[in-house]
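Listed below, chain by chain, are the residues.
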Amino acid sequence: MSFHFSPEEDLRVAHALAGAAAAHSLRLFRTPLDIIAKADESPVTQADRAAETAMREILAAERPADGIFGEEHGQERVDAERIWVLDPIDGTRSFITGSPLWGTLIALVRGGRVELGMVDMPVLGERWIGQAGIGAQRNGQPVRVRDCKTIAEARIVTTSPDIFNAADWQAFDRLSRRCAMRRFGGDCYGYAQLAGGTIDLVVETGLQPYDYLGPTGLIEAAGGVVTDWEGRPLGLEANARVVAAATPELHRQALAILAA
């Protein structure tokens, strides 16, 4: 059975999801936490799990036929036409170490296309939203990517050198040293900065759908381009290598240097 919901209705649900996640995560931010090692060795906390549980409870009430692809509690109905992709706390290491640059990532994927992407930064009080065909905003104010078309002018960011294997690091290092500025850290906030026009390139590896689909929806709605390192669209595949760029021209140049 197919259900039709307006973009306004979908946005209302996304706001509810982000609010529910923030209520749990902020309560535990900068408090002692029991850290659990997941299979991929990334740290997860009670805050992650409680936040995603709260988000799923909202979807069970509001969108019972939709699929869910979550970081903490797995997948449900991922063959559905509409799938909500959830990362309650992106940047768990930032959360654990008291850094404010962690966020909640939400994407609504319909027929393989991201219709809504959200990057919510609870500590900063910034909620970044992109909707296909409508545009992008930060706290209700329109945002757009910077019109940067050359690598020499570009500002590039990635979370950490530690996310790359040796060959991918060489490729990133080669690209980033040709940019005007390179920065490390920030987790999901780098993608929001790109949508807002203060960063021009984000290049990362080893990402999961819940890491990149929310930012993809935001950046595309802000006028940017997001693909894997081969230039292919991103979907629900694991361990993706991601290139997000402000303009198609910049994106093409980045792909060429990464592949050199």
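Scroll up a little and you will see the structure.
Take the overall build of the protein next. The number of helices and strands found in the protein is 7 helices and 15 strands. In summary, the protein has a C-alpha radius of gyration of 17 Å against a globular reference of 18 Å for 260 residues, a match within 12%. Across its three principal directions, the C-alpha atoms of the protein cover 50 × 40 × 35 Å. The buried share of the protein, taken over its 260 residues, is 55%. Counting contacts in the protein only where the partners sit at least 6 residues apart, residues at least 24 apart contribute 60% of the total. Carbon and sulfur atoms provide 51% of the accessible area of the protein, an area that totals close to 11,200 Å².

Attention shifts here to the packing of aromatic side chains. Here the structure, examined in full by the defined rule, presents 10 aromatic pairs. Both rings, one in phenylalanine 164 and one in phenylalanine 172, keep their centres 5.0 Å apart while their planes meet at 25 degrees; by these two values the pair is stacked. With a relative accessible area of 0%, phenylalanine 172 lands in the buried category. An aromatic cluster of at least three residues, connected via ring pairs, comprises Phe164, Trp169, Phe172 and Phe184. Directly above the ring of phenylalanine 5 sits arginine 63, whose terminal nitrogen or CZ lies 3.6 Å from the centroid.

Inspection of every chain in the model, using the stated rule, returns 19 salt bridges. Measuring nitrogen to oxygen at the nearest pair gives 2.6 Å for the salt bridge that ties glutamate 230 to arginine 241. You can see glutamate 230 sitting in the loop between β14 (225-228) and β15 (240-245) and its partner arginine 241 sitting in strand β15, a full 11 residues away along the chain. Owing to a relative accessible area of 26%, arginine 241 belongs among the partly exposed residues under this scheme.

This brings us to the sheet that holds strand β7 (residues 113-121). Across the sheet, 8 strands lie side by side as β4-β3-β5-β6-β7-β8-β9-β10; this open sheet has mixed pairing. Edge strands, defined here as strands with exactly one partner in the open sheet, are β4 (74-76) and β10 (141-143). When strand polarity is set aside, the average angle formed by the axes of neighbouring strands in this sheet is 15 degrees. Packing against the sheet, helix α2 (residues 46-62) makes contact with β3 (67-70), β4, β5 (82-90) and β6 (103-110), and its axis sits at approximately 155 degrees to β5.

A negative phi angle is the norm for most residues apart from glycine, just as the trans form is the norm for most peptide bonds. Look at asparagine 139: it is not a glycine, yet its phi comes out positive at around 50 degrees. Here asparagine 139 is to be found in the loop between β9 (135-138) and β10. Backbone geometry places aspartate 187, a non-glycine residue, at a positive phi of 50 degrees. Mapping aspartate 187 onto the fold places it in the loop between β12 (181-184) and α5 (189-196). Aspartate 187 sits in the buried class, given a relative accessible area of 18%.

For the rest of this paragraph, the subject is helix α1 (residues 7-28). Over its 22 residues, α1 runs 32 Å from end to end, which matches the ideal 32 Å to within 8%, given 1.5 Å per residue. Every buried residue of α1 is listed here: Asp10, Leu11, Val13, Ala14, Leu17, Ala18, Ala20, Ala21, Ala22, Ser25 and Leu28. Looking at the buried side of α1, the elements it contacts are α2, β5, α3 (92-96), β6, β7 and β8 (126-131). Phi turns positive one or two residues past the end of α1, at arginine 30, with a value near 60 degrees.

This paragraph deals with the environment of alanine 240. Along the chain, alanine 240 turns up in strand β15. With 180 residues separating them along the chain, alanine 240 and alanine 60 place their C-alpha atoms 29 Å apart. Filtering out sequence-adjacent residues up to four positions away, alanine 240 remains in contact with Glu204, Thr205, Gly206, Leu207, Tyr212 and Leu234.

As a further point, take the sheet that holds β12. The strands making up a sheet associate through hydrogen bonds between their backbones, and the pairing can be parallel or antiparallel. Here we have 5 strands laid out as an open sheet, ordered β12-β11-β13-β15-β14, and mixed in their pairing. On the outer flanks of this sheet lie β12 and β14, each paired with one strand and no other. Adjacent strand axes in the sheet meet at a mean angle of 20 degrees, parallel and antiparallel pairs treated alike. Note: strand β11 (residues 155-158) against strand β13 (residues 201-207), 2 bridges, orientation parallel. From the neighbouring strand, valine 157 faces β13, where its bridge partner is valine 202. Each of β11, β12, β13 and β15 touches helix α4 (residues 166-176); the most contacted strand, β12, lies at about 140 degrees to it.

Rules behind the numbers
- Residues numbered from 1 in each chain as written.
- Predicted model: local features only at pLDDT ≥ 70, side-chain atom pairs only at ≥ 80, totals over all residues.
- Heavy atoms only, no water.
- Helix = DSSP H or I, 4+ residues; strand = E, 2+ residues; numbered from the N terminus.
- Rg over C-alpha atoms; globule rule 2.2 N^0.38 Å.
- Buried < 20%, exposed > 50% of the residue type's maximum accessible area, 1.4 Å probe, protein only.
- Contact = heavy atoms within 4.5 Å.
- Areas by Shrake-Rupley, 256 points an atom, 1.4 Å probe, with all protein chains shown as cover.
- Phe/Tyr/Trp six-rings, centres within 6.5 Å; stacked < 30°, edge-to-face > 60°.
- Lys NZ or Arg CZ within 6 Å of the ring centre and 35° of its normal.
- Salt bridge = Lys/Arg side-chain N within 4 Å of Asp/Glu carboxyl O.
- Pairing = 2+ DSSP bridges.
- Axes fitted to C-alpha atoms, helices over the stretch in contact; angles between N-to-C directions.
- Expected span 1.5 Å × (residues − 1).

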